[in-house]
Amino acid sequence: MADRSAALPLGIDAGGPRIASAAPDELRRDLRLIAEMIEPGSRVLDIGCGDGALLAYLAREKDVDARGMELSQSGVNACVRHGLSVIQGDADRDLDAFPVGAFDVVVLSQTLQATRRPRHVVETLVRIGKRAIVSFPNFGFWRIRLSLLWRGRMPVSELLNNPWYDTPNIHLCTIRDFVRLCDEIGTEIERSVTLDRHGRSFSLDPRGGLANLLAEQGMFVLSGKA
Amino acid sequence: MSTVTAPLLKRPGKEWPGHSFIVSEPLRLDCGIDFGPFTIAYQTYGRLNAERSNAVLICHALSGDQYVAEPHPITGAAGWWTTLVGPGGVLDTDRYFLICANVLGGCMGTTGPKEVNPATGEPWALNFPVITIRDMVRAQKLLIEHLGIEKLFCVMGGSMGAMQVLQWASSYPESVVAAVPIAGSARHSAQNIAFHEVGRQAIIADPDWCGGRYLSLGHNPARGLAVARMAAHITYLSEAALHRKFGRNLQDRNAVTYGFDADFQVESYLRHQGSTFVDRFDANSYLYITRAMDYFDLAAEHGGSLPAAFPGTQPRFCIISFTSDWLFPTSESRALVHALNAVAANVSFVEIETDKGHDAFLLHEPELFATLRGFLAGCAEHRGLTRFWG
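Every value quoted in this text rests on a predicted model; they were computed, and no experiment measured them.

Considering the overall build of chain A
Looking only at helices and strands, chain A has seven helices and eight strands in total. Here chain A holds 226 residues, and the buried ones make up 55% of them.

The following block contains the structure:
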């Protein structure tokens with residue numbers, strides 16, 4: 001299977017290392033893609049920031065006012081030890097206090113599927129961020145469909161490597177599901193990127209069936225409501 | 001036996017090591033009294049740089065004092081944050097200028113109820129005005145101005161020290177670059193007030209307290225103060241830590257004695273905590289300082305809104321709690337984080353896993369040290385602060 005550090009995880013636990021000291025070219029490919037979308041000097045909140053690789057990169061390379069939120073104590077402590085501003089918390093519980101438009105960009109990378117209330121989380125992202133960048137594993141990817149069809153069991157692969165009874169990924173969705181959610185809550189999709197398992201992007205219409213079948217990852221830039 | 005005068009009470013404050021600053025202008029206190037002149041006793045470590053930009057104010061807890069990193073002048077015990085302070089330490093004395101002042105109402109040199117009221121020639125006792133955390137911080141601000149420091153690089157402290165840190169951020173946000181409240185809260189909870197009331201009643205119930213006038217009458221309510229300390233000390237630990245340290249082990253005996261001697265090690269330990277405390281602490285000070293903590297409620301000062309307590313450009317915060325702290329539980333720190341998020345302040349929040357309870361902030365806790373070191377280094381870099389000589 002692919003090199004883990006370059007691969008895009010389907011399960012968040014399968015994510016490559018997000019080391020705070022990572023050099024620019026060592027930053028995971030999907031995070032690099034996110035970093036490219038962020039204007040220098042902006043105010044950014046990275047939710048589920050791991051041990052702060054993206055934050056450290058943004059602070060160092062783009063002079064960004066970088067803040068983070070992370071559930072795991074080890075991740076938070078690693079970030080704070082490296083001088084990053086990170087709070088221990090989770091997307092379900094700890095985003096509500098932020099005021100409208102508090103950030104230029106809110107990033108939720110590989111975390112949406114692990115939240116208890118994904119709809120509320122997305123609504124909150126576009127409330128507190130002028131823009132929100134959301135990436136998640138596409139459960140409509142053809143291999144996953146085939147795995148369920150052929151084997152008749154919940155898909156487990158090297159990328160989606162948690163058994164159904166022991167996974168943080170409780171709200172998996174397809175790209176089409178996510179687009180529908182954005183329509184329902186009236187959020188404008190500014191831009192979308194489809195990605196393969198190595199984090200390489202290719203351009204397919206997110207509303208079309210092909211993206212939902214061929215993309216292992218969806219990455220969406222949403223307009224904030226502020 | 002309880003009329004024996006404690007070492008603390010025999011010695012006038014001026015004999016103790018460190019510095020003092022006399023505030024000559026009266027200070028308007030929250031209770032409405034203009035108080036003064038009064039003395040602030042303080043200790044410093046390290047050197048203030050030419051830009052006066054490297055000052056760190058350390059705020060001590062209820063039973064702490066300004067002897068952060070040197071032997072205590074009465075007990076000889078190591079300073080309460082000795083493990084953090086020193087060249088190359090978390091609080092690097094080659095880099096920072098550390099200041100710690102005994103709080104207003106205290107008993108280690110700063111004016112408190114055991115000092116003489118110039119109007120009567122007798123100790124203040126209960127005629128001392130009731131002070132608040134904000135009053136303590138007002139006094140600290142006068143000291144900082146006296147030292148010619150416009151902006152503190154950092155204000156930090158645990159427990160009641162954390163309350164002072166929050167009060168600094170609320171009252172003087174422009175004067176603080178970084179704020180580190182550890183094991184603290186923006187208000188004293190009903191449970192915490194209840195524990196304090198038990199301690200105060202233990203002191204007041206001691207016949208040697210004499211309506212607070214024990215100093216004038218040559219007594220010392222050592223029993224009451226020791227019981228107050230024993231009760232409080234339990235709240236600083238955790239069930240797990242007590243069990244780990246003592247279990248049901250017996251003290252210097254093989255069987256229980258069917259009496260009320262200290263059969264158990266935990267009893268002996270608490271008695272020791274109580275008896276050593278009375279040697280260095282004044283009972284009336286204990287009443288006044290616990291009262292100050294009880295009255296602390298930052299949101300109440302701002303119409304019930306905690307976010308409103310943090311106006312203007314706030315310092316960078318590093319909020320730290322401990323998993324087994326049931327006196328100032330993580331939920332209190334999290335409420336604080338939410339309030340600071342609401343004003344979009346720059347906040348870090350770390351909950352440290354430990355079974356040591358509230359007192360973890362005073363103990364060897366490597367994760368705490370690593371967090372503080374990283375946070376301070378990040379702030380120093382942000383502020384362009386480098387090591388002094390080197």
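The rest of the description comes next.
Section: the overall build of chain B
Each helix and strand in chain B was counted, giving eleven helices and 14 strands. Relative to the globule expectation of 21 Å for 390 residues, the C-alpha radius of gyration of chain B, 21 Å, shows essentially globular dimensions. For chain B, the spread of C-alpha atoms along the three principal axes comes to 65 × 50 × 45 Å. Buried residues in chain B amount to 58% of all 390 residues. In chain B, once contacts between residues fewer than 6 apart in sequence are set aside, the share between residues at least 24 apart is 72%. Surface exposure of chain B reaches about 15,200 Å², of which carbon and sulfur atoms provide 54%.

Digging into the packing of aromatic side chains
All names here are of chain B. This structure, assessed with the given rule, holds 20 aromatic pairs over all chains. Among the aromatic residues, those joined into a cluster by ring pairs are Phe 35, Phe 38, Trp 124, Phe 128 and Tyr 288. A cation over a ring is seen here: Lys 141 above Tyr 172, with NZ or CZ 5.1 Å from the ring centre. Just above the ring of Phe 277 sits the side chain of Arg 229; from NZ or CZ to the centre is 4.6 Å.

Some thoughts on the pattern of salt bridges
Applying the stated rule across the entire model yields 31 salt bridges over all chains. Across the pair Glu123(A) and Arg119(A) runs a salt bridge, and its minimum N-O distance is 3.2 Å. Placement of the pair is Glu123(A) and Arg119(A) together in helix α4 (residues 118-128), with a separation of four residues, close to one helical turn. Across the salt bridge formed by Glu332(B) and Arg187(B), the nearest N and O atoms sit 3.2 Å from each other. In this pair, Glu332(B) is assigned in helix α10 (residues 330-342) and Arg187(B) in the loop between β12 (176-182) and α4 (190-204), connecting sequence segments 145 residues apart.

Remarks on the interface of chain A and chain B
Tallying the contact residues gives 20 residues for chain A and 23 residues for chain B. Summing the contributions of chain A and of chain B, the shared interface buries around 1,800 Å²; its carbon and sulfur component is 47%. At the junction of chain A and chain B, the tally comes to two salt bridges. The shortest N-O distance in the salt bridge between Glu367(B) and Arg81(A) comes to 2.8 Å. The tally of links from chain A across to chain B stands at twelve residue pairs in polar contact (both at pLDDT 80 or more). Those elements that place two or more of their residues in the side of chain A that touches chain B are β2 (65-70), α3 (73-81) and β3 (85-88) of chain A. No other element matches α3(A), which puts five residues into the side of chain A that touches chain B. Considering only residue class, the side of chain A that touches chain B consists of eight nonpolar, six polar and six charged.

Things to note about the pairing of strand β5 (residues 55-59) of chain B
Residue and element names in this part refer to chain B. With respect to burial, β5 is a largely interior element, five of its five residues being buried. A two-sided burial pattern is seen for β5, the buried positions comprising Ala 55, Leu 57 and Cys 59 on one face and Val 56 and Ile 58 on the other. Of the pairings in the sheet, the one linking β5 to strand β11 (residues 152-158) comprises four bridges and is parallel in character. Residue pairing across strands places Ile 58 opposite Met 156, the latter belonging to β11.

Looking at the packing of helix α2 (residues 133-146) of chain B against helix α3 (residues 160-171) of chain B
Residue and element names in this part refer to chain B. Contact geometry of α2 with α3 gives a least axis separation of 9 Å together with a crossing angle of 70 degrees. Taken together, α2 and α3 sit at an angle that is classed as roughly perpendicular. Seen along the crossing, α2 lies across α3 with a hand that is right-handed. Taking contact as the criterion, the partners of Ile 133, Arg 134, Met 136, Val 137, Gln 140, Lys 141 and Ile 144 in α2 are, on α3, Met 160, Met 163, Gln 164, Gln 167, Trp 168 and Ser 171.

Re helix α6 (residues 175-184) of chain A
Residue and element names in this part refer to chain A. Among all positions in α6, only Ile 175, Phe 178, Val 179, Leu 181 and Cys 182 are buried. The buried residues of α6 all sit within an arc of 155 degrees when viewed along its axis, so they share a single face. In this fold, the buried residues of α6 make contact with α4, β5 (129-137), β6 (189-195), α7 (209-214) and β8 (217-223). Downstream of α6 by one or two residues, Gly 186 has phi in the positive range, about 70 degrees.

Notes on the nonpolar core
Residues Phe178(A), Ile99(B) and Phe310(B) are the most contacted members of the largest nonpolar core, which totals 107 residues. Three or more residues apiece are contributed to this core by two domains, here domain 1 (7-188 + 301-383) and domain 2 (193-290) of chain B. Discounting residues that sit within four places of it in the chain, Phe178(A) has contacts with Leu112(A), Val122(A), Val134(A), Phe136(A), Cys173(A), Phe220(A) and Leu222(A). With 66 residues, the next largest nonpolar core counts Val221(A), Val56(B), Ile352(B) and Phe369(B) among its residues.

Examining the domain arrangement of chain B
Interfaces are often sized by the amount of accessible area the parts lose when they come together. All names here are of chain B. With domains assigned, chain B is organised as domain 1 (7-188 + 301-383) and domain 2 (193-290). Put simply, the middle of domain 1 and the middle of domain 2, counted by C-alpha atoms, are 25 Å apart. Facing the 35 residues of domain 1 at the interface are 32 residues of domain 2. Summing both partners gives a buried area of about 2,800 Å² for domain 1 against domain 2, and 65% of it is carried by carbon and sulfur. At the boundary of domain 1 and domain 2, one finds two salt bridges.

Things to note about the environment of His196(B)
Residue and element names in this part refer to chain B. Inspection of the secondary structure assignment puts His 196 in helix α4. The class for His 196 is buried, based on a relative accessible area of 9%. With 122 residues separating them in the primary sequence, His 196 and Cys 318 have C-alpha atoms 27 Å apart. Setting aside its immediate chain neighbours within four residues, His 196 contacts Leu 62, His 188, Thr 290, Met 293 and Asp 294.

With respect to the environment of Cys79(A)
Among the structural elements, Cys79(A) can be located in helix α3. Expressed as a C-alpha distance, the spacing of Cys79(A) and Leu55(A), which sit 24 residues apart in the sequence, is 8.9 Å.

Structural notes on α3(A)
Within α3(A) the residues assigned to the buried category are Gly75(A), Val76(A), Asn77(A), Ala78(A), Cys79(A) and Val80(A). Looking at the buried positions of α3(A), the neighbouring elements they touch are β2 and β3 of chain A together with β13 (316-322), β14 (347-352) and α11 (366-383) of chain B. One or two steps after α3(A), the chain reaches Gly83(A), where phi turns positive at roughly 80 degrees.

Side note on the side chain of Asp65(B)
All names here are of chain B. Relative to the elements of secondary structure, Asp 65 occurs in the loop between β5 and β6 (85-86). Buried within the structure, Asp 65 lacks any salt-bridge partner; Arg 280 is the closest side chain of opposite charge, at an N-O distance of 4.3 Å. A polar side-chain atom of Asp 65 sits 3.0 Å from the main-chain amide nitrogen of Tyr 67. Aside from chain neighbours lying at most four places away, what touches Asp 65 is His 60, His 72, Trp 80, Cys 100, Asn 102, Met 108 and Arg 280.

Conventions we followed
Residues numbered from 1 in each chain as written. Chains lettered and ligands numbered in written order. Predicted model: local features only at pLDDT ≥ 70, side-chain atom pairs only at ≥ 80, totals over all residues. Heavy atoms only, no water. Helix = DSSP H or I, 4+ residues; strand = E, 2+ residues; numbered from the N terminus. Buried < 20%, exposed > 50% of the residue type's maximum accessible area, 1.4 Å probe, protein only. Rg over C-alpha atoms; globule rule 2.2 N^0.38 Å. Contact = heavy atoms within 4.5 Å. Areas by Shrake-Rupley, 256 points an atom, 1.4 Å probe, with all protein chains shown as cover. Phe/Tyr/Trp six-rings, centres within 6.5 Å; stacked < 30°, edge-to-face > 60°. Lys NZ or Arg CZ within 6 Å of the ring centre and 35° of its normal. Salt bridge = Lys/Arg side-chain N within 4 Å of Asp/Glu carboxyl O. Buried area = accessible area lost by both parts, 1.4 Å probe. Polar contact = N/O pair within 3.5 Å; in protein donor to acceptor, adjacent residues only side chain to side chain. Nonpolar A, V, L, I, M, F, W, Y, C, P; charged D, E, K, R; others polar. Pairing = 2+ DSSP bridges. Axes fitted to C-alpha atoms, helices over the stretch in contact; angles between N-to-C directions. Parallel < 35°, antiparallel > 145°, perpendicular 65-115°, else oblique. Left-handed = near helix turned anticlockwise from the far one by under 90°. Arc of directions from axis to C-beta. Core = buried A, V, L, I, M, F, W, Y, C linked by side-chain atoms within 4.5 Å. Domains from an automatic or database assignment. Lys, Arg positive; Asp, Glu negative; His and termini not counted.

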